[in-house]
Amino acid sequence: MEPSGITKTEILKDPVVADEVWQAMKDVSKSRQLAVVFRPTEDESEIVVEQAFGWEASGMWVKLEQHLAAIDQDIRWAAINMPYLTTSGGKRNKLIFLTWVPDTLTRPKMRESVRVKFNGVQYGGPMRKQAATDGGTLYQANDASDITLDAVLAKAAKFERDGIDRDSLAQLL
């Protein structure tokens, strides 16, 4: 046992990423789903799908923002398919892997708060790696201003030479 009362095994033990998570990420990367949110189980032993947002959902981005902003005491991950057009007519479809670790997340002991926030980044590792392999953009959000459509789109389109056609985002709003 370490002096802090936490064993090395507790620190290094990663949760199992459920098969449904890998399938959901594949669905997002292949444009079958618009976005999927993942969460750790209560005992943090597994990462599971919390909610999926399909293409038929109008106002999907607002729903996704509200969903994540309402979670202020836990961590989440989201795979997001970001379709848009450039001003020159180029069609883009970017995969965003978002890590949600809210600044408002607190625990009775600071050590526990740090552990939970660190795990938010660490536990997403296998999913982040898969998203990067699929050509995705990794993005960490810590408050509601980080998950606005403009903030996430700015990250997704960071290397675009042309501007973004705002009218092409209507399906998200």
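Residues numbered from 1 in each chain as written. Predicted model: local features only at pLDDT ≥ 70, side-chain atom pairs only at ≥ 80, totals over all residues. Heavy atoms only, no water.

## Here's the deal with the side chain of T137
Among the secondary structure elements, T137 is positioned in strand β6 (residues 137-141). The exposure class assigned to T137 is buried, which follows from its relative accessible area of 18%. Residues in contact with T137, not counting those within four places in the same chain, are L95, I96, F97, K155 and A156. (Helix = DSSP H or I, 4+ residues; strand = E, 2+ residues; numbered from the N terminus. Buried < 20%, exposed > 50% of the residue type's maximum accessible area, 1.4 Å probe, protein only. Contact = heavy atoms within 4.5 Å.)

## A word on unusual backbone geometry
Look at S31: it is not a glycine, yet its phi comes out positive at around 65°. Within the secondary structure, S31 is located in the loop between α2 (19-29) and β2 (35-40). Positive phi is not limited to glycine here, since E44 has a value of about 60°. Checked against the element boundaries, E44 lands in the loop between β2 and β3 (46-53). Take E44: its relative accessible area is 22%, and that puts it in the partly exposed class.

## Digging into the pattern of salt bridges
Tallied over the full model, the rule gives seven salt bridges. A salt bridge links E44 to R115; its shortest N-O distance comes to 2.9 Å. Of this pair, E44 sits in the loop between β2 and β3 while R115 sits in helix α4 (residues 110-123), and the two are 71 residues apart along the sequence. Among the residues examined, R115 registers a relative accessible area of 26% and is labelled partly exposed. Among the charged side chains, a network of salt bridges with common partners joins E44, E112 and R115. (Salt bridge = Lys/Arg side-chain N within 4 Å of Asp/Glu carboxyl O.)

## Things to note about the confidence of the model for the protein chain
Fine structural detail should not be taken from predicted coordinates in areas where pLDDT scores are low. Of all residues in the protein chain, 91% have pLDDT values of 70 or greater, and the mean over the chain is 84. Low pLDDT (under 50) marks residues 6-12, which in the prediction has eight contacts with non-local residues, meaning those over four places away or in another chain. (pLDDT = per-residue confidence, 0-100.)

## Details of the side chain of S113
Take S113: it is sitting in helix α4. Taking relative accessible area as the criterion, S113 reaches 10% and is therefore assigned buried. Here S113 is in contact with L105, T106 and R107, once residues within four sequence places are set aside.

## With respect to the pairing of β3
Pairing analysis gives two bridges linking strand β1 (residues 16-17) to β3, with the strands arranged parallel. Counted as the bridge partner of V16 is E46 from β3. Bridging between β2 and β3 involves six bridges; their strand directions are antiparallel. Along β3, the bridge assignment pairs V36 with A52. The loop that links β2 with its antiparallel partner β3 comprises five residues; one of these, E44, has a positive phi angle of about 60°. (Pairing = 2+ DSSP bridges.)

## Looking at the environment of S145
Within the secondary structure, S145 is located in the loop between β6 and α6 (149-156). Looking at S145, the relative accessible area reads 47%, which means it is partly exposed. For the pair S145 and A170, spaced 25 residues apart in the sequence, the C-alpha separation amounts to 20 Å. Side-chain polar atoms of S145 contact the side chain of D143, separated by 2.5 Å. (Polar contact = N/O pair within 3.5 Å; in protein donor to acceptor, adjacent residues only side chain to side chain.)

## Considerations on the pairing of β2
For β2, the buried fraction is high: five of the six residues fall into the buried class. Here β2 pairs with strand β4 (residues 76-86) via four bridges, running antiparallel. Counterpart to A35 in the pairing with β4 is I80.

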